[in-house]
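As a plain string of letters, each chain reads:
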Amino acid sequence: MAERLSSSQGDLKDNYRTVVVGSGYGGAVTAARLAEHGQPVCLLERGREFPVGTFPDTLGNLAHNVRGSKKPLGMFDYYLMRDIDVLKGCGLGGGSLVNAGVAIRPDPEVFADPRWPRRYRELAASGEIWKYYQKAETMLAAKQHPRGLQLTKVQKIKEVADTLRDGRFGLMNICVNFDVDGRNHVGVEQKPCIDCGDCITGCNVGAKNTLYMNYLPYARQRGAEIFTQVEVRRIAAAPGGGYTVTWRHNRDDRLGEERTLSARNVVLSAGTLGSTEILLRSVRERGLTASSKLGFGFSGNGDYLGLAYNSPQRINVLGYGNHPDSPRAKVKPGPTIVSGIQYDRSQPVGQRLTLQDFTAFPSGLVNTFRHTLGGLAALGTHPHLGVGEWLAKLWRVAKDQVFWTPDGAANHSLVYLVMALDSSCGSMQLGDDDKLTVVWDDVLEDPVYEKAKDALLVHARTLGATFAQLGRPNIWTRKDNLVTAHPLGGCHVGDDADRGVVDTAGRVFDGQGGVHHGLYVVDGSLVPMALGVNPLNTISALAEHIVEGMLAALR
Ligand SMILES: Cc1cc2nc3c(=O)[nH]c(=O)nc-3n(C[C@H](O)[C@H](O)[C@H](O)COP(=O)(O)OP(=O)(O)OC[C@H]3O[C@@H](n4cnc5c(N)ncnc54)[C@H](O)[C@@H]3O)c2cc1C
Ligand code: SF4
């Protein structure tokens, strides 16, 4: 087994030059580039390290990995909110451990929106911004699936795209390795993708280009110290300069005692919810000053998930995990997302949609999907079918209840992810119970979701499938909740403290006309509005940009 990246907790010192909190895209890029330039850096991650081969792939292990106060190290972090639920990853590598790895660029027009500070609008207008995307894409080794067009789910997406007046089909750039069988560009052992479909429960093959395969080992090789199971609670300005960081070492089933360390510089990269929560708590309990915009501008990136269930056409979406010799491996779903359609690119940017095939049922969840999707779809929109077709449909559902079969209803289904520019008007608040909540009263009224639904109904109809939105029924709104895997905002960049929480260099505004020197935010919380496409590439590019300035300031 490859060497672990994290050090033992006993080696954690009391004093550091720079502490990075969180190991997602923002944190990993920052730690890697600081270390590359000889800066001493310590990275603290609240989750555990998952070497390749240790990701959960049974229902029991997956259930054990749902994070909660009694399971603080769980890899899946699901926030049940009143209006919009949030799904996140927790572990060394952050969201990269459980995401689909799509690394694409937003439309340039997105950056023309006045919610972006002037400096970023200029970077985009001059085209200079793409240099940072390029840097990130090289490190993440994102590319198209070389055999993508052979996958049935991709062919089904393309069939619909071919009928659209204003819809562009394409294979997505994904952070998946298809060719290296040995050491990759940073010397980490990788295997080529086997199309097993387990990307969102963790790649046990070692083919997904998570941060654990690139930026994080690169940081470690250049001297960064990495500690896992260390959760940062709050920070306070230290009397002699720098910051006091309060942290606790969590175990499998319990939270640790609070302790402190000092750091001259602190980079918050705990993700949209994590960084906002730490700052909100630091303001409330430790009197750190900040912009009144802290917590605002939350976006779900217009995420809308829909299911086309039980088509007469077999789609091949059942995952088999790292078990290439299993008879189930004859169904090859491919990585979670392979292709997509860009809708309405001739329209103003706010009216555009991006749709992707979000379908490979991870092996550990195949049986759950076989047994439950029928119930979920029962209240959905059904196609017009003759008696014979209905009987065939019911027969596929029945087969799924009895045994694994490629002929069952689940394997004749497709899940879609749609992204769009939502209004980005949610807010995050820290309640009296010390829990973070997202408040967004009228989110379900945003017309982008109706548009997303209409687009998905066309796909479901073309497949002759039943359509259902994927979301939890909500007893307050009596509708299905939205769920986002792409939370953004909360510490968004702005020209000044009246318009943002951090400046374009990532420094936290003190709310009194200046910035907190040495205190940065670098992650998805920076992004001031929905991007309308998967955000990891943009978060990484912004991190590449900010760390460049940080290095100049630290010299
Ligand atoms: C199922 C799924 C699929 C996705 N697919 C894609 C995709 O295909 N393409 C794409 O662009 N995006 C995708 N995403 C979203 C993407 O992964 C996130 O946007 C991205 O990871 C955010 O990066 P980040 O740096 O903001 O923070 P994160 O990646 O969220 O990392 C934050 C890290 O900080 C840690 N942390 C939090 N609080 C603390 C604390 N108090 N102390 C210490 N550590 C802390 C967390 O455990 C986490 O590891 C997906 C997400 C999910 C859940
Ligand atoms: S499809 Fe399987 S092998 Fe390929 S990246 Fe996803 S989990 Fe890894």
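Notes on the structure in this doc start here. Computed from a predicted model, the values in this text were never measured in an experiment.

**Overview of the packing of aromatic side chains**
Logical step 1: A full pass over the atoms with the stated rule returns eight aromatic pairs.
Logical step 2: Aromatic side chains Trp116 and Tyr120 sit 6.1 Å apart centroid to centroid with 40 degrees between the ring planes, which places their arrangement in the tilted category.
Logical step 3: Accessibility expressed as a relative area gives 0% for Trp116, which makes it buried.
Logical step 4: For Tyr120, a relative accessible area of 1% translates into the label buried.
Logical step 5: Connected via pairs of aromatic rings, a cluster forms that spans Phe111, Trp116, Tyr120, Trp130 and Tyr133.
Logical step 6: Between Lys158 and the ring centre of Phe169, over which it is positioned, the NZ or CZ distance is 6.0 Å.
Logical step 7: One cation-aromatic arrangement involves Lys393 over Trp390; the distance from NZ or CZ to the ring centre is 5.8 Å.

**Some thoughts on the site of ligand 1**
Logical step 1: Surrounding ligand 1, one finds 36 residues, the nearest of these being Glu45, Arg46, Val232, Gly524 and Leu536.
Logical step 2: At 2.9 Å from an oxygen atom of ligand 1 is found a main-chain nitrogen or oxygen belonging to Gly26.
Logical step 3: Between Leu536 and ligand 1, the recorded distance is 2.6 Å, taken from a backbone N or O atom to an oxygen atom.
Logical step 4: Coverage of ligand 1 by the protein amounts to 96% of the 1000 Å² it exposes when considered alone.
Logical step 5: Within the residue set of the shell around ligand 1, elements represented by two or more residues are helix H1 (25-36), strand E4 (84-89), strand E9 (230-237), helix H7 (271-286) and helix H11 (536-554).
Logical step 6: Considering only residue class, the shell around ligand 1 consists of 16 nonpolar, 15 polar and five charged.

**Some remarks on the pairing of strand E11 (residues 258-268)**
Logical step 1: Examined bridge by bridge, strand E1 (residues 15-21) and E11 share six bridges and lie parallel to one another. Note on E11: the bridge partner recorded for Tyr16 is Ala263.
Logical step 2: As paired elements, strand E10 (residues 243-249) and E11 share six bridges and run antiparallel to each other. Bridge assignment links Thr244 to a residue of E11, and that residue is Ser262.
Logical step 3: Pairing between E11 and strand E22 (residues 515-521): three bridges, direction parallel. The residue bridging Val266 from the neighbouring strand is Leu519, located in E22.

**Side note on the pattern of salt bridges**
Logical step 1: Counted by the stated rule, this structure contains 38 salt bridges.
Logical step 2: One salt bridge connects Arg281 with Asp434, and the closest N-O pair in it is separated by 3.0 Å. Separated by 153 residues along the polypeptide, Arg281 in helix H7 and Asp434 in the loop between strand E17 (426-430) and strand E18 (436-439) bring together distant segments of the chain.
Logical step 3: Arg281 gets classed as buried once you look at its relative accessible area, which sits at 1%.
Logical step 4: Each of Arg233, Arg234, Glu258, Glu277, Arg281, Arg284, Glu285 and Asp434 takes part in salt bridges that share partners, so that together they form one network.

**Examining the environment of Asn99**
Logical step 1: Checked against the element boundaries, Asn99 lands in the loop between E4 and helix H3 (118-126).
Logical step 2: Measuring from C-alpha to C-alpha, the distance between Asn99 and His486 comes to 10.0 Å, with 387 residues separating the pair along the chain.
Logical step 3: Contact partners of Asn99, with chain neighbours within four places excluded, come to Tyr25, Cys199, Ile200, Lys208 and Leu536.
Logical step 4: Polar side-chain contacts of Asn99 include one of 3.0 Å to the side chain of Tyr25.

**Structural notes on empty space enclosed by the protein**
Logical step 1: By the definition in use, this model includes three cavities of 30 Å³ or more.
Logical step 2: Lining the largest cavity are 13 residues, and of these Cys193, Cys196, Cys199, Cys203 and Ala207 sit closest to its centre.
Logical step 3: Residue classes in the lining of the largest cavity are distributed as nine nonpolar, one polar and three charged.
Logical step 4: Approximately 80 Å³ is the volume found for the second largest cavity.
Logical step 5: Forming the boundary of the second largest cavity are 13 residues, of which Asp107, Arg345, Arg352, Leu531 and Gly532 lie nearest the centre.
Logical step 6: Of all the secondary-structure elements, those providing two or more residues to the lining of the second largest cavity are strand E15 (353-357) and strand E16 (414-420).
Logical step 7: Grouping the constituent residues of the lining of the second largest cavity by class yields eight nonpolar, two polar and three charged.

**Description of the nonpolar core**
Logical step 1: With 156 residues, the main nonpolar core has Leu12, Leu44, Trp116, Tyr215, Val266, Leu279 and Met550 as its most contacted residues.
Logical step 2: The element best represented in this core is H11, accounting for 10 residues.
Logical step 3: Ignoring sequence-local partners within four residues, the contact set of Val266 consists of Val19, Val21, Ile235, Tyr243, Val245, Gly518, Leu519 and Tyr520.
Logical step 4: In this structure, Phe50, Phe55, Leu62 and Leu97 belong to the second largest nonpolar core, which totals seven residues.

**Side note on the site of ligand 2**
Logical step 1: In the vicinity of ligand 2, 13 residues are found, and the nearest of them are Cys193, Cys196, Gly197, Cys199 and Cys203.
Logical step 2: In this structure the site holding ligand 2 corresponds to the largest cavity.

**What to know about the side chain of Asp503**
Logical step 1: Structurally, Asp503 is set in the loop between strand E20 (482-484) and strand E21 (507-509).
Logical step 2: Ignoring any residue separated from it by four or fewer positions in sequence, one finds Asp503 in contact with Val493, Gly494, Phe509 and Val515.

**As for helix H9 (residues 387-402)**
Logical step 1: Its 16 residues place the ends of H9 23 Å apart at the C-alpha level, agreeing with the 22 Å of an ideal helix rising 1.5 Å per residue.
Logical step 2: Among the residues of H9, those classed as buried are Lys393, Arg396, Lys399 and Asp400. End-on view of H9: buried residues confined to an arc of 120 degrees, all on one side of the axis. Counted as exposed and oriented over 90 degrees from the buried face of H9: Val387, Gly388, Leu391, Leu394, Trp395 and Val402.
Logical step 3: For H9, the secondary structure elements touched by its buried residues are strand E13 (304-309), helix H8 (366-378) and strand E19 (466-469).

The rules behind the values
- Numbering of residues begins from 1 in every chain and follows the order in which that chain's sequence is written.
- For this description, chains carry letters from A and ligands carry numbers from 1, given in the order in which they are written.
- Totals for whole chains, interfaces and linings use every residue, but because this is a predicted model, local features are given only for residues with pLDDT of at least 70 and side-chain atom pairs only at 80 or more, for both listing and counting.
- Calculation of side-chain values draws on the structure's entire complement of heavy atoms; hydrogens and water are dropped beforehand.
- When two rings of Phe, Tyr or Trp (its six-membered ring) have centres within 6.5 Å they constitute a pair, described as stacked for plane angles under 30 degrees, edge-to-face for angles over 60, and tilted for the intermediate range.
- The cut-offs for exposure are 20% and 50% of the maximum accessible area for each residue type, with area from a 1.4 Å probe on protein chains only; residues under the lower value are buried, those over the upper are exposed, and the others partly exposed.
- We count a charge as sitting over a ring when the NZ of a lysine or the CZ of an arginine lies within 6 Å of the ring centre and within 35 degrees of the ring normal.
- Think of it this way: one heavy atom of a residue within 4 Å of a molecule or strand is enough to make that residue near it.
- For the purposes of these results, a polar contact is taken to be a pair of N or O atoms within 3.5 Å, where, inside protein, one atom must be able to donate a hydrogen and its partner to accept one; residues adjacent in sequence count only when each atom of the pair is a side-chain atom.
- Surface accessibility in these figures is a Shrake-Rupley result with a 1.4 Å probe; residues are shielded only by whichever protein chains are displayed.
- Note on conventions: DSSP H or I runs of at least 4 residues are helices, E runs of at least 2 residues are strands, and numbering of each starts at the N terminus.
- Amino acid classes used here: Ala, Val, Leu, Ile, Met, Phe, Trp, Tyr, Cys and Pro are nonpolar; Asp, Glu, Lys and Arg are charged; the rest, including Gly, are polar.
- Here, strands pair whenever DSSP counts at least two bridges between them.
- Every case where a carboxyl oxygen of Asp or Glu lies within 4 Å of a side-chain nitrogen of Lys or Arg is listed as a salt bridge.
- In what follows, a contact means two residues having at least one pair of non-hydrogen atoms within 4.5 Å.
- The distinction between a cavity and a pocket rests on a 1 Å grid over the protein atoms alone: a 1.4 Å probe fits inside a cavity but cannot get out, while a pocket stays open yet meets protein on both sides within 12 Å along at least five of seven lines, and a residue with an atom within 4 Å of a point counts as lining.
- Grid points are joined across faces, edges and corners, and a volume is the space filled by probe spheres set on the points.
- What makes a nonpolar core is a set of buried Ala, Val, Leu, Ile, Met, Phe, Trp, Tyr and Cys residues whose side-chain atoms join them at distances within 4.5 Å.
- Put plainly, a molecule is in a cavity or pocket when over half of its atoms are within 2 Å of the grid points there.
- Helix span, as expected, comes to 1.5 Å for every residue beyond the first.
- What the arc describes is the spread of directions from the helix axis to the C-beta atoms.

Note that all results are geometric; they support no functional claim without further evidence.
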